[in-house]
Amino acid sequence: MRGPTVGVIVAGASMWRKKVDMLHVGAVLSAPYTGPFFWTLVASCLQPEAARQGLQLTKLLASSASELASAIHALLDLRVGAIVVKPIHGGGDELEPALGRAHAQGVPIITLDSKIAHAAVRATVGSDNFLGMQRATRHALDLLGGRGRVVYFAGDERLSAGGARNLGFREVLAQYPDVELLQVEPLDWVSPVSRIDMSSRCMWRVLDRHDSFDALIAAGDEAAIGGVNALREAMRQKRWQGRWPVIVGFNGLAEALLLVKSGDMSATIAQSPEWLARTALEMAATCSAEASHAWSHRFVDSQLVTRDNVSEYAYRFLDLVPRFIAELGDSQARERQLQAEVISRQRSALTVISAASAALARKQSPEQMVGALYRLLKAEFPHLHCEVTTHPSTPLDATVDPLPGRWIGESDVFHKTWAWRMTGDPVGCRREALRDDAQQWVWDLKPQRRDSSDGDSSADPWSPERASSLFTLAANGRAYGVMEVRGPSERALGSELVQILGAIAHQLSLAFEAAALHEETAHLAAAELRAAQEKLVHAERAEYLANHDPLTGLANRRRFGEVLERTLAEAARYERQFALYFLDLDGFKRINDSLGHEAGDQLLLQVANRLRGVLRRTDTVARLGGDEFVVLVPEVQDEGHAGMVASKLVSAFDAAFNLGDQGVVASTSVGAAVFPLHGNEVAALMRAADTAMYAAKRAGKNRFAFFQV
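This one's a predicted model, so the numbers in the text were calculated from it and none came from an experiment.

What the protein chain contains, in helices and strands, is 19 helices and 24 strands. The buried share among the 709 residues of the protein chain stands at 51%. Sequence separation of at least 24 residues holds for 70% of the intrachain contacts in the protein chain that already meet a minimum separation of 6. Of the roughly 32,600 Å² of accessible surface on the protein chain, 51% is carried by carbon and sulfur atoms.

Okay, here's the thing in structure tokens:
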């Protein structure tokens, strides 16, 4: 028994349509390379999910409210049983006639992410914005220990998602009486202005009013990213000198995942593309089967992504990209194939040959495409000889842009002029490169080309009374080459055979177009992946520079402070002792002034290497700045043990340092402090070690001293 058809509309760059008979209610979502990449992933998840549920699908794309309305009308013309819609902000008046018609015909509309206020809309599927925002807020406030000053970038109250997130934030905030809500910045989610730029300006307003705060909670990842960008710039301008705040977002965008990995963001709430796809299809089936089904909101659970699990989530996120690319390429090939089959049936009575040539559009390799054509001709028309010549894809008129050069590589099929020769092996053909000027003769054929009556861009051949004919291989305003077919010199090809060959040439044109689209898609996907990898590398490099001294590669003051705090907490918990040492080079200024800054840098590098050499791998050595170093030994038995380590540090300077072509003698003064003997807090221990270091200098330098209580 045949069931209803389900159509899907999503933001995109163009609109295409096909009709497929279905056994049950279903839907599919497809998205192009424009718009948020998350919805592109949802699109790729719906195809396999529909197959799992036994659904057939009809796809349409829309990039504006008017296209969205036209697409709904087109799906209603196909008598679909339900329509799944990714709403486009604005254009409510343009949608009214289409939604009214859907309501009159009893076709339910299921929206993704945002609700449309209309009787035809029977369900909305999206993440639980209320609970997700509660989870994000609670995580941020728990990281603060339940106290501190918070800035909130609020969601747009005009949209249901924004209102739900704001409500979730306020309810959790009310449970933390020691948290002060310092400032609220509402964001406009409908404005064409970038949300990232908008939130950056909001952060500058916050910094104009407040010297510091402890956390930024954003009702969207774009807002969090904009806040991070502004804070980075403020740090560069030294307008922000406090501790980096806790920052949480909502949506799980790719750039936000990178910021979570680098530590600039503490967490984000990520949605699952697979569960959105599954739930949307289930609701489409339910609403189509139950005419009285009242509007409902189906929530899809979201995940708190932190630095602990971001790598796992990001890899699962990126695993969907190949599925999307494959789906996009297959759908384009299927669309071209269907068009080619219709034209072939109109041009030729030979259905078998037309269907065989239509199969060319399913081949991804151009060699396989041309080889299949040659084998077909050899089997069906053994007296014919065929030769295909292709050249770099070029528009037939000035209104069509050529294939961008950045998508063409030296090894690409569409980079050079090729002659495809028939062979007797199973492949059926071989490809030979021609000189660059060989393609000129192809353009000499243009005066003899005219569009076919159905508007397609295939070319009519030369006169069928000739023993050979040439067919321009072109599709959608772009020429890919020519196909030449020759018969015995004493026999003409005949008009019927020329018609059949024209249909085959058209199929081959579509096959080359599919190959070009596949190649273009693969290059775009590779570029996106390279960009993501570069961002990740830059983020990791930025994280390294933020925690290490650029000259010596040692930990810097920030990193050492984190290690010291963690070591102190562990020592207090397990009742251990550890030692902290401050080192200052004796006479470094004299060396720097007399031998130059380059020699001074060489000395600092050699000092760093010697300190590493006398310490264990579990010990930490850092450069605080200038000629000041600090060492942390995480576990010592007693003060005597700490003194032995200090003596090693002083002895490390006994040998002369090689600076260029001369040896330089340098020494150090070391101040030592032991936890908990000389202090049980970070600041107290730092002061104690610093005081002891100056005591060592006063005692004659080139020695160590313990802090005297």
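And the narrative resumes.
Tallied over the entire structure, the rule returns 17 salt bridges. Put simply, aspartate 188 and arginine 158 hold a salt bridge, and the shortest N to O gap is 2.4 Å. One end of the pair, aspartate 188, is in the loop between strand S7 (179-186) and helix H6 (195-209); the other, arginine 158, is in the loop between strand S6 (148-154) and helix H5 (160-173), with 30 residues separating them in the sequence. When its relative accessible area of 27% is taken as the criterion, aspartate 188 is described as partly exposed. Among the residues examined, arginine 158 registers a relative accessible area of 58% and is labelled exposed.

Right, let's talk about the confidence of the model for the protein chain for a bit. For the protein chain, mean pLDDT is 75; residues scoring 70 or higher make up 71% of the total. With pLDDT under 50 throughout, residues 1-5 is counted as low confidence; its partners more than four residues away or in other chains account for 18 contacts. The model gives residues 394-411 a pLDDT under 50, and that stretch makes 34 contacts with residues more than four places away or in other chains.

Another point: the sheet that holds strand S12 (residues 302-306). An order of S7-S6-S8-S9-S10-S12 is seen for the six strands of this open sheet, with the pairing classed as mixed. Only two strands of the sheet have a single partner each, and these edge strands are S7 and S12. Pairwise comparison of adjacent strand axes, ignoring direction, gives a mean angle of 20° for this sheet. When strand S10 (residues 267-271) meets S12, the two strands line up antiparallel, connected through five bridges.

We now examine the nonpolar core. Counting 53 residues, the largest nonpolar core has Leu141, Phe153, Met203, Phe213, Ile217 and Met265 as the members making the most contacts within it. At seven residues, helix H7 (residues 221-236) tops the list of elements feeding residues into this core. Excluding residues that lie within four positions of it along the chain, methionine 203 makes contacts with Phe153, Phe213, Leu216, Gly227, Ala230 and Leu231.

This part covers the packing of aromatic side chains. Following the criterion strictly, the structure yields five aromatic pairs and no others. Each ring, one from phenylalanine 704 and one from phenylalanine 706, has its centre 5.9 Å from the other, and the planes form 90°; the classification is edge-to-face. The class for phenylalanine 704 is partly exposed, based on a relative accessible area of 30%. For phenylalanine 706, a relative accessible area of 14% puts it in the buried group. Above the face of the phenylalanine 657 ring, arginine 610 is positioned so that its terminal group lies 3.7 Å from the ring centre.

Two numbers describe how helix H4 (residues 129-143) lies on H5: the axes approach to 7 Å, and their chain directions differ by 40°. Relative to H5, the element H4 is oriented oblique. Relative to H5, the crossing made by H4 is right-handed. For the pair H4 and H5, contact is made by Asn129, Phe130, Met133, Gln134, Thr137, Arg138 and Leu141 and by Ala161, Ala164, Arg165, Leu167, Gly168, Phe169, Glu171, Val172 and Leu173, respectively. Within the contact of H4 with H5, the residues separate by chemical class into nine nonpolar, four polar and three charged.

Two numbers describe how helix H16 (residues 588-595) lies on helix H17 (residues 597-614): the axes approach to 6 Å, and their chain directions differ by 135°. Compared by their axis directions, H16 and H17 come out oblique. Taking contact as the criterion, the partners of Phe588, Ile591, Asn592 and Leu595 in H16 are, on H17, His597, Ala599, Gly600, Leu603 and Leu604. Of the residues in the contact of H16 with H17, the class split is six nonpolar, three polar and no charged.

Another aspect to go through is helix H2 (residues 65-77). The end-to-end C-alpha distance of H2, which contains 13 residues, comes to 19 Å, matching closely the 18 Å that a straight helix rising 1.5 Å per residue would cover. Every buried residue belonging to H2 is among Ala65, Leu68, Ala69, Ala71, Ile72, Ala74, Leu75 and Leu76, and all of these are buried. Just past H2, the residue arginine 79 takes up positive phi, approximately 60°.

What follows deals with the sheet that holds strand S23 (residues 667-675). If you trace the five strands from one edge of the open sheet to the other, you get S19-S20-S18-S23-S24, paired in mixed fashion. Sheet topology places strand S19 (620-625) and strand S24 (704-706) at the edges, where each strand pairs with a single neighbour. With strand direction ignored, the average angle separating the axes of adjacent strands in the sheet is 20°. Taken together, the five bridges between S19 and strand S20 (residues 628-636) define a ladder with antiparallel strand orientation.

Position of proline 382 relative to the elements: it lies in the loop between helix H12 (366-380) and strand S13 (385-395). Along the chain, proline 382 and glycine 487 lie 105 residues apart, while their C-alpha atoms are 9.6 Å from each other.

All right, on to the environment of glycine 220 then. For glycine 220, the position within the fold is in the loop between strand S8 (215-218) and H7. Residue glycine 220 is classed as buried on the basis of its relative accessible area of 5%. With 28 residues separating them in the primary sequence, glycine 220 and valine 248 have C-alpha atoms 8.8 Å apart. If near-sequence neighbours (up to four positions away) are discounted, glycine 220 is found in contact with Arg165, Gly249 and Phe250.

Before going further, it helps to spend a moment on the environment of aspartate 593. Mapped onto the elements of the fold, aspartate 593 is located in helix H16. Relative accessible area serves as the criterion here: at 53%, aspartate 593 is assigned to the exposed category. Of the polar contacts made by the side chain of aspartate 593, one reaches the side chain of lysine 589; its length is 2.8 Å.

Criteria and cut-off values
Residues numbered from 1 in each chain as written. Predicted model: local features only at pLDDT ≥ 70, side-chain atom pairs only at ≥ 80, totals over all residues. Heavy atoms only, no water. Helix = DSSP H or I, 4+ residues; strand = E, 2+ residues; numbered from the N terminus. Buried < 20%, exposed > 50% of the residue type's maximum accessible area, 1.4 Å probe, protein only. Contact = heavy atoms within 4.5 Å. Areas by Shrake-Rupley, 256 points an atom, 1.4 Å probe, with all protein chains shown as cover. Salt bridge = Lys/Arg side-chain N within 4 Å of Asp/Glu carboxyl O. pLDDT = per-residue confidence, 0-100. Pairing = 2+ DSSP bridges. Axes fitted to C-alpha atoms, helices over the stretch in contact; angles between N-to-C directions. Core = buried A, V, L, I, M, F, W, Y, C linked by side-chain atoms within 4.5 Å. Phe/Tyr/Trp six-rings, centres within 6.5 Å; stacked < 30°, edge-to-face > 60°. Lys NZ or Arg CZ within 6 Å of the ring centre and 35° of its normal. Parallel < 35°, antiparallel > 145°, perpendicular 65-115°, else oblique. Left-handed = near helix turned anticlockwise from the far one by under 90°. Nonpolar A, V, L, I, M, F, W, Y, C, P; charged D, E, K, R; others polar. Expected span 1.5 Å × (residues − 1). Polar contact = N/O pair within 3.5 Å; in protein donor to acceptor, adjacent residues only side chain to side chain.

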